[in-house]
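# Examination of the molecular architecture
Here's the letter readout for the chains.
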Amino acid sequence: MNSPYPIHLNLYGKKVSIIGGGAIAERKVKQLLDTGAIIEIISPDLTVTLHETLKGNENIFWKKKRFTSEDLVDAFLIIAATNDRETNQLVGKLKNNYQLANIADDPSASNFIVPSIVKRGKLTFSVSTSGASPTLSSKISRQLEEVYDQRYEDYLEFLDSCRKFVLANVTDKVKKKQLLSAIVNHTYLDSNKREADFIVLYNNVMSTQIE
Ligand SMILES: C[C@@]1(CC(=O)O)C2=NC(=C\c3[nH]c(c(CCC(=O)O)c3CC(=O)O)Cc3[nH]c(c(CC(=O)O)c3CCC(=O)O)/C=C3\N/C(=C\2)[C@@H](CCC(=O)O)[C@]3(C)CC(=O)O)/[C@H]1CCC(=O)O
Ligand SMILES: NC(=O)c1ccc[n+]([C@@H]2O[C@H](COP(=O)([O-])OP(=O)(O)OC[C@H]3O[C@@H](n4cnc5c(N)ncnc54)[C@H](O)[C@@H]3O)[C@@H](O)[C@H]2O)c1
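Just so we're clear, the structure is a prediction, and the values are computed from it rather than from any experiment. (Residues numbered from 1 in each chain as written. Chains lettered and ligands numbered in written order. Predicted model: local features only at pLDDT ≥ 70, side-chain atom pairs only at ≥ 80, totals over all residues. Heavy atoms only, no water.)

## A few points about the site of ligand 1
For clarity, the threshold we go by: Summary of the distance rule: residues count as near a molecule or strand when at least one heavy atom falls within 4 Å of that molecule or strand. Pairs of N or O atoms within 3.5 Å make up the polar contacts considered here, provided that, within protein, one atom can donate a hydrogen while the other can accept it, and that residues adjacent in sequence are counted only when both atoms are side-chain atoms. Throughout, the Shrake-Rupley method with a 1.4 Å probe supplies accessible areas, and for residues the shown protein chains are the sole cover considered. Put simply, DSSP marks the helices as runs of H or I at least four residues long and the strands as runs of E at least two long, and each gets a number from the N terminus on. Lys, Arg, Asp and Glu make up the charged group, whereas Ala, Val, Leu, Ile, Met, Phe, Trp, Tyr, Cys and Pro make up the nonpolar group; the residues left over, Gly among them, are polar.
K28, V114, S116, S128 and S137 are the nearest of the 21 residues found near ligand 1. A distance of 2.6 Å separates an oxygen atom of ligand 1 from a polar backbone atom of V114. In the model, an oxygen atom of ligand 1 is placed 2.6 Å from a nitrogen or oxygen of the S137 side chain. Isolated, ligand 1 exposes 1,100 Å² of accessible area, and the fraction of that covered by the protein chains is 63%. Elements represented by at least two residues in the shell around ligand 1 include exactly helix 1 (23-32) and helix 4 (134-147). The dominant element in the shell around ligand 1, judged by the number of residues it contributes, is helix 4, at 5 residues. Split into classes, the residues belonging to the shell around ligand 1 amount to 6 nonpolar, 11 polar and 4 charged.

## As for the pairing of strand 6 (residues 116-120)
Successive side chains on a regular strand alternate, one facing one side of the sheet and the next facing the other. Test applied: Only protein chains enter the calculation, and the probe is 1.4 Å; a residue is then buried if its accessible area is under 20% of its type maximum, exposed if over 50%, and partly exposed in between. Pairing between two strands requires that DSSP report at least two bridges joining them.
Alternating residues of strand 6 divide into S116, V118 and R120, all buried, and I117 and K119, none buried. Linking strand 6 back to strand 7 (residues 123-127) in an antiparallel pair, the connection comprises 2 residues, with G121 at a positive phi of about 60°.

## Notes on the site of ligand 2
Residues in contact with ligand 2 amount to 21 residues; listed here are only the nearest, G21, I24, R27, D45 and F67. A104 places a main-chain nitrogen or oxygen 3.1 Å from a nitrogen atom of ligand 2. Protein contact buries 71% of the 870 Å² of open area that ligand 2 shows by itself. Those elements that provide at least two residues to the shell around ligand 2 are helix 1 and helix 3 (85-94). Among the elements that take part in the shell around ligand 2, helix 1 stands out by supplying 4 residues, more than any other. Residue composition of the shell around ligand 2, by class: 8 nonpolar, 8 polar and 5 charged.

The values reported here are purely geometric and, on their own, carry no functional implication.
Next comes the structure, spelled out in structure tokens:
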């Protein structure tokens, strides 16, 4: 079996076409909401939640119709999630080979798999079993949510700003590594004075002579 290549896509401003407006389309749309993608849902009907989502979001559009080939024009990413297998297969056949397409009821006709996703701000976990057991993916995600709890959201902001500061101010490779490694530590995760701790650490490291 060819192994999938996992990546984290930047969908900002890209057109994403979702075919179908049921439970699975709803789940896939939810995952796309904070990506900045322009989402187009093609379906004769929508779930109540999708109706609500549409009202509160100017980047989501509904084409109230059944799927036809022109719905794929300009789509960067496509998800076929109708309850009609023939329509889903048709989407797979009509897509261009440069378009990313997920056929929700047929992984073999898809060129990407939607993983189970856990987000803690800038920290993202995407879990996949290569289609073998979505239930296991989901279970592992729930475990990750417990281990990597809400604290990680702020912690990632701290790590991000420290790293930017270090990359802008430290040229010595050893000191750079020393600083970036030291802050990836539970002491910093749990500290409510980590910015001050970092300045002390930075001054110590920078004043030390390397042999
Ligand atoms: C992770 C998650 C993301 C999401 O969809 O958002 C996801 N499925 C989830 C749940 C889930 N899906 C299904 C069940 C019922 C139990 C069961 O059937 O096993 C449950 C469990 C539940 O609902 O709890 C049914 C199912 N799923 C697929 C098929 C078709 C087939 O296998 O042929 C069928 C049969 C349909 C039918 O019977 O008609 C296919 C796929 N589902 C995938 C993703 C991709 C592989 C992921 C991986 O590699 O692990 C892949 C290949 C396609 C894709 O979507 O890219 C999400 C969990 C989110 C979370 O909780 O975090
Ligand atoms: N990938 C996954 O994780 C996963 C999980 C469960 C089910 N599935 C599969 O996903 C598919 C959708 O499941 P669901 O629970 O959302 O079904 P659903 O019945 O809730 O919704 C189906 C939607 O597709 C629309 N539709 C039907 N024909 C259409 C057409 N020709 N053009 C446009 N829209 C059309 C319907 O109007 C409806 O809005 C099924 O094939 C199911 O086997 C996938």
